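Observations on the three-dimensional arrangement
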Amino acid sequence: MSIAITSLNSAIERLLAVDAHRPGSVHRLTRSETLAGGKGVNVARVLAQLAAGRPETSEPVPKPLLLGFAGGPTGRLFEDLLAAEDLASSLVPTSGATRVCEVLVDLSDPAGATVYNASGPQVERPELEALDGLFTDTLAKSEALVCTGSIPPGVPADQYARWIAQARGKGILSVLDAHGEVLALGAAARPDVVKVNREELSSLGPGDPADRAMDWLNAGIRCVVITDGDRPACAFTADAAYEVVAPEVPVRSAVGSGDAFCAGLVESLLGAPRAGWPAHLRTAAACGASNAAGTTAGLTTSHSPAALLPRVTVRESALRSARPPASRPGGTRG
């Protein structure tokens, strides 16, 4: 069994770190690194790191499996970089080359990293059809589905929505982290969890985030999590609302912290299904904070989730108005 994670807009991520960013000037890099990137890869990396640190006596959690595309010389490099991290993938080759993205970390202001994201190659219909077939085979052997990240040109905006509907039909845990039309259509398919940041939520238009969360809960989504940078996250379930305060850490780069939060949430839902939402949210927040303490996306040993977990605060408050969620097929856990 596996945790299927989308990587539809795979990327080569170039990390560039400087002591201080001065536009228009020549800089000497203090650090540079090339990694497999994209939100799906970030989630898979953290899940793999969490699995490596789990006690042998704990309930096993399936390994992550990335599904998506890779093309051209950069696509081959992407696959090599995944293999170097022992991250499993099933990727459809594309005629267009895998994109290259840049992350510039200013060490004098690490919380304000600058990210340059390319749009990705055009996906042709036969390539998309091949991925759909691959997804159907993979879902039959999966315990969870994580739909995260942007989609490249040629992929329809309802791609995640259709996959989430398939997961619902099989009673498989599904998590959505997207923006814009992809988020709106994906949420309408009623995944178990919607995890977004405040900026992504604002892409759906003006309005109170809590009101939108309530609408999604009333439609049948089990949990809506809204992260907000270094400010407390908000989580809404059918029974309660929560404020989640992560522990303070020396921030080196916040890039990927939302993905680490998502990975921690999935790991807790699968590994400790009866722990309850406060426990799931504590694990998620500890992972997000651990990521922020490093310059690259992933957990840090200096500020491990296990060490940070006791310092996470989860406060509960009553919901303003929530009807019982719609009945769900199957036996999803958490």
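Description of empty space enclosed by the protein
By the definition in use, this model includes three cavities of 30 Å³ or more. Taken as a whole, the largest cavity encloses approximately 60 Å³ of empty space. Broken down by element, the lining of the largest cavity gets its largest block of residues, three residues, from strand 4 (residues 63-71). Here the residues of the lining of the largest cavity sort into six nonpolar, five polar and no charged.

With respect to the sheet that holds strand 13 (residues 241-245)
Strands belonging to one sheet form pairs held by backbone hydrogen bonds; the direction of such a pair is parallel or antiparallel. Read from one edge to the other, the open sheet built from 10 strands follows the order 5-4-1-8-9-10-11-12-13-14, with strand pairing classed as mixed. Both outer strands of the open sheet, strand 5 (88-94) and strand 14 (313-317), are each paired with one neighbouring strand and no more. Neighbour-to-neighbour, the strand axes of the sheet open up by a mean angle of 20°, direction not taken into account. Here seven bridges tie strand 4 to strand 5, and the two strands are oriented parallel to one another. Of the residues in strand 5, the one forming a bridge with Phe69 is Val92. The sheet strands contacting helix 2 (residues 72-84) are strand 1 (2-7), strand 4 and strand 5, and the helix crosses strand 4 at an angle near 165°.

Thoughts on the pairing of strand 10 (residues 193-197)
The buried fraction of strand 10 amounts to four of the five residues, a majority that puts the element mostly inside the structure. Note that strand 9 (residues 173-177) and strand 10 share two bridges and pair parallel. Note that in strand 10 the partner of Leu176 across the bridge is Val194. For the crossover from strand 9 across helix 5 (residues 180-188) to strand 10, the handedness is right-handed. Across five bridges, the pairing between strand 10 and strand 11 (residues 223-228) is parallel. Looking across to strand 11, one finds that Val193 is bridged to Cys223.

Section: the side chain of Ser290
For Ser290, the location among the structural elements is in helix 9 (residues 277-292). On the accessibility criterion, Ser290 (0% relative accessible area) is buried.

Comments concerning the environment of Gly53
Its place among the elements puts Gly53 in the loop between helix 1 (39-52) and strand 4. Residues Gly53 and Glu129, spaced 76 residues apart in sequence, show a C-alpha to C-alpha distance of 37 Å.

About the cut-offs
Residues numbered from 1 in each chain as written. Predicted model: local features only at pLDDT ≥ 70, side-chain atom pairs only at ≥ 80, totals over all residues. Heavy atoms only, no water. 1 Å grid on protein atoms, 1.4 Å probe; cavity = no way out; pocket = protein on both sides within 12 Å on 5 of 7 lines; lining within 4 Å. Points joined across faces, edges and corners; volume = space filled by probe spheres on them. Helix = DSSP H or I, 4+ residues; strand = E, 2+ residues; numbered from the N terminus. Nonpolar A, V, L, I, M, F, W, Y, C, P; charged D, E, K, R; others polar. Pairing = 2+ DSSP bridges. Axes fitted to C-alpha atoms, helices over the stretch in contact; angles between N-to-C directions. Contact = heavy atoms within 4.5 Å. Buried < 20%, exposed > 50% of the residue type's maximum accessible area, 1.4 Å probe, protein only. Right-handed = clockwise from strand over helix to strand, strands pointing away.

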